[in-house]
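The residues making up each chain are set out below.
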Amino acid sequence: MADHNENLKDTLNEEIEHADQKPAEEHYSLNDDRRVKVLSPGMLVAKRFFRNRLAVTGMAILVFMFVFSFIGGLISPYEQDKFFYADKTIRREFAAVIKNTEFRYSSADDSVFGLPAQAQAMLAIQQQKDGFTYRDNRFTLTKEAEDFYSVSVNGQVVGLAYKSVVSPSASDATLSFEFTYQALKAYLTDGADTFTADGKTYTVDESGSVMDGATEVAYVSPYVVQALMPDVFLSRDFKDKLIDTINAGGEKFTYTDESLIVDEEPATDEEGGTSSAITPDDSQMPDDTPQSATAEYDISFDAATNSWSVLQEQTSRQYDKYSAPSKEHLMGTDGYGMDMLTRLMYGGRVSLMIGFIVIVIETVIGVIFGGIAGYFGGWVDNLIMRVVDIFYCIPSMPIIIILGAAMDAQRVDGWLRMIYLMLILGFLGWAGIARLVRGQILSLREQEFMTATEACGISVSRRIFKHLIPNVIPQLIVNCTMGLGSVIITEATLSFLGLGVKFPFASWGNIISDVNNTHVLTNYWWVWIPAGLLLLLTVLAFNLAGDGLRDAFDPKMKR
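Here the residue index of a chain counts from 1 through its sequence in written order. A pLDDT threshold of at least 70 governs which residues receive local features in this predicted model, and a stricter bar of 80 or more applies before side-chain atom pairs are shown or counted, although totals over entire chains, interfaces and linings include all residues. Side-chain metrics rest on all non-hydrogen atoms present in the structure, leaving aside hydrogens and water.

## Structural notes on the overall build of the protein
Secondary structure elements follow DSSP: runs of H or I no shorter than four residues count as helices, runs of E no shorter than two count as strands, and numbering proceeds from the N terminus. Helix and strand content of the protein: 16 helices and 17 strands. Type-normalised accessible area, obtained with a 1.4 Å probe on protein chains alone, sets the label of each residue: buried when under 20%, exposed when over 50%, and partly exposed for intermediate values. A buried classification covers 41% of the 559 residues belonging to the protein. Only heavy atoms matter for contacts: two residues are in contact if any of them lie within 4.5 Å across the pair. Long-range contacts, defined here as pairs at least 24 residues apart, represent 64% of the contacts in the protein between residues at least 6 apart. For the accessible areas, the method is Shrake-Rupley and the probe is 1.4 Å, while residue cover comes only from the protein chains on display. Of the roughly 31800 Å² that the protein leaves accessible, carbon and sulfur atoms contribute 56%.

Following this line, the structure appears as structure tokens:
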């Protein structure tokens, strides 16, 4: 028992020694300020803000949008106005074929045998008359051959009516009236195979070829084959094979013709392709490569017009429009062959920049007028508030539409147009901020600290802008944050209507405006859905951040 008491005593002594070695804890009274951790007003606002998960989510989305728009555009390998092209095989109308079943007319002198006289001749032929009278002239109809009439006045041939057509064999050749008359007469009259016209003698064979020695200069055919593009000339050989295919009931044929003549600089159509594209690109061919044209053609008959349409399959360099997302273009391409991801980056930059600049303009004007009205009161307040009422009554959208149409008519530069747009939106939207600032200052100017500033002799401008306005800043921040979303929506709406940012500059609004028909809407989702989602998320994020700031600045709000 004695040993146990000794051990207990030793243990207590050791605990006392260890306790003596520990520093004594300092105890504070309940009313001591040191018991409370004091935070600055800014830290209190930040703590309340970051406690709101929705507000933090909105802030994270905004950070992503700024990084995506302003930094993404810098690291993108493309520019916002860079076009991409692709070689595509297309079928388009190339030529039309008509077999003459109605008379055509040719005139040696339009003042004698013009359109009214030709109409009279057509009526006389239908009634099987041998002549007609028009403007005191007696016209005589002579049937030279089947479906071929000559029209003469006083024994002189002034016009022709025919169903077989004389066409030149060369692209730059022109045929005189006398040549046409004599060629038709020689070809359609049995036994006549030579004729003389313009001082030369020509021969006509059974196929309708008109020869000048060994050179074909023209040919006669009841078919009219006409290229739909003015820079393409169709050779006789091409026309003959086309007509043979039609007569045989064929619907396809392939043709190679080195005499097919195409202009060196083919015209460009609206879709970015070339209008002819019959021969390969000269820049991709060796100098000694023969220029030939090989193409496939589809033939379709239109019973309504009694004609054949010839469609050519050709490779054309066009905009790589509405290309699906790929390794080269992660978000695909739009209707102009531009990279969609790059356009979205630059579009976000423009939309956010316009939103912030417009809000800054509105805030500056609103703070100045609202501060003056709230501080001075009286007739100054009444005057400024009546101006505010006028701005509230201004129909903003019609004015912006009119100004947009005026800028279109004046062909205003794209950058200058954006500056005008920001100034207009800012000038028309400051009235709400002015009313907010005025209401806050009316309540603040009666408080004791303002009486102290007046007693200290501080100038009026310093009282307003150094003491009153800083107390309104929390409400201004909330108002501006929530107003940014509205400004971005307004800019997107104007750009969608063609009144805002103009091509080639990108904004989310004019990107969505490319969806101008249901085909694009239903088949090319990557053109409009990403821009719509970015616009939705940005506006939602600004609203969430604005709600979070409102709750953080007002501790009485829901926490």
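## A short note on helix H11 (residues 431-444)
The span you would expect from a helix comes to 1.5 Å times its residue count less one. The end-to-end C-alpha distance of H11, which contains 14 residues, comes to 20 Å, matching closely the 20 Å that a straight helix rising 1.5 Å per residue would cover. Among all positions in H11, only Ala431, Ile433, Ala434, Val437, Ile441 and Leu444 are buried. All buried residues of H11 lie within an arc of 155° about the axis, which places them on one face of the element. What the arc measures is the spread of directions leading from the helix axis to the C-beta atoms.

## So, a nonpolar patch on the surface
Residues enter patches when they are more than 30% accessible in relative terms and free of salt bridges; like-charged ones are connected within 9 Å and nonpolar ones (Val, Leu, Ile, Met, Phe, Trp, Tyr) within 5 Å. Within this document, salt bridges are pairs made up of a side-chain nitrogen of Lys or Arg and a carboxyl oxygen of Asp or Glu, the two lying within 4 Å of each other. A grouping of Met59, Val63, Val67, Phe70, Ile71, Leu74 and Ile75 is seen on the molecular surface, where their side chains present a nonpolar patch of about 650 Å² in accessible area. Within the fold, Ile71 resides in helix H3 (residues 53-75).

## Some words on unusual backbone geometry
Phi is positive for Asp136, close to 65°, though the residue is something other than glycine. Mapped onto the fold, Asp136 is located in the loop between strand E3 (131-134) and strand E4 (137-145).

## Comments concerning the sheet that holds strand E6 (residues 156-162)
DSSP calls a pair of strands paired once it identifies at least 2 bridges connecting them. Taken together, five strands build an open sheet; the order of strands is E2-E6-E5-E4-E3 and the sheet is antiparallel. Because the sheet does not close on itself, it has two edges, and the strands there are strand E2 (104-107) and E3. The sheet shows a mean angle of 25° between the axes of neighbouring strands, taken without regard to direction. Alignment of E3 against E4, held across four bridges, turns out to be antiparallel. Each axis is a line fitted through C-alpha atoms, taken for helices only over the stretch in contact, and angles between the N-to-C directions span 0 to 180 degrees.

## Some points on the side chain of Asp381
Mapped onto the fold, Asp381 is located in helix H8 (residues 378-393). Among the polar contacts listed, one links the side chain of Asp381 to the side chain of Arg438, at a separation of 2.7 Å. Residues within four places of Asp381 in sequence aside, it is in contact with Ala373 and Arg438. For this analysis, a polar contact is any N or O atom pair within 3.5 Å, provided that within protein one partner can donate a hydrogen and the other can accept it, and provided that sequence-adjacent residues contribute only side-chain to side-chain pairs.

## What to know about the nonpolar core
Each nonpolar core is a collection of buried residues, namely Ala, Val, Leu, Ile, Met, Phe, Trp, Tyr and Cys, held together in the definition by side-chain atoms within 4.5 Å. If you look at the biggest cluster of nonpolar residues, it comprises 58 residues, and the most contacted ones within it are Leu344, Ile354, Val437, Ile441, Trp508 and Ile511. Elements supplying a minimum of two residues to this core: H3, helix H7 (340-376), helix H10 (414-428), H11, helix H13 (460-496), helix H14 (508-512) and helix H16 (525-553). With residues up to four places along the chain from it excluded, the contact list for Ile441 reads Gly370, Gly371, Gly374, Tyr375, Leu468, Ile469 and Val472.

## Some words on the sheet that holds strand E10 (residues 209-212)
The five strands are arranged E7-E11-E10-E9-E8 in an open sheet whose pairing can be described as antiparallel. With partners counted over all chains shown, the strands left at the sheet margins are strand E7 (165-168) and strand E8 (194-197), one partner each. Each neighbouring strand pair of the sheet contributes to a mean axis angle of 30°, computed without reference to strand direction. Pairing between strand E9 (residues 200-204) and E10: two bridges, direction antiparallel. What sits directly across from Thr203, in E10, is Met211. Along the sheet, helix H5 (residues 177-188) makes contact with E7, E8, E9, E10 and strand E11 (215-221), crossing E8 at roughly 170°.

These figures capture arrangement, not role.
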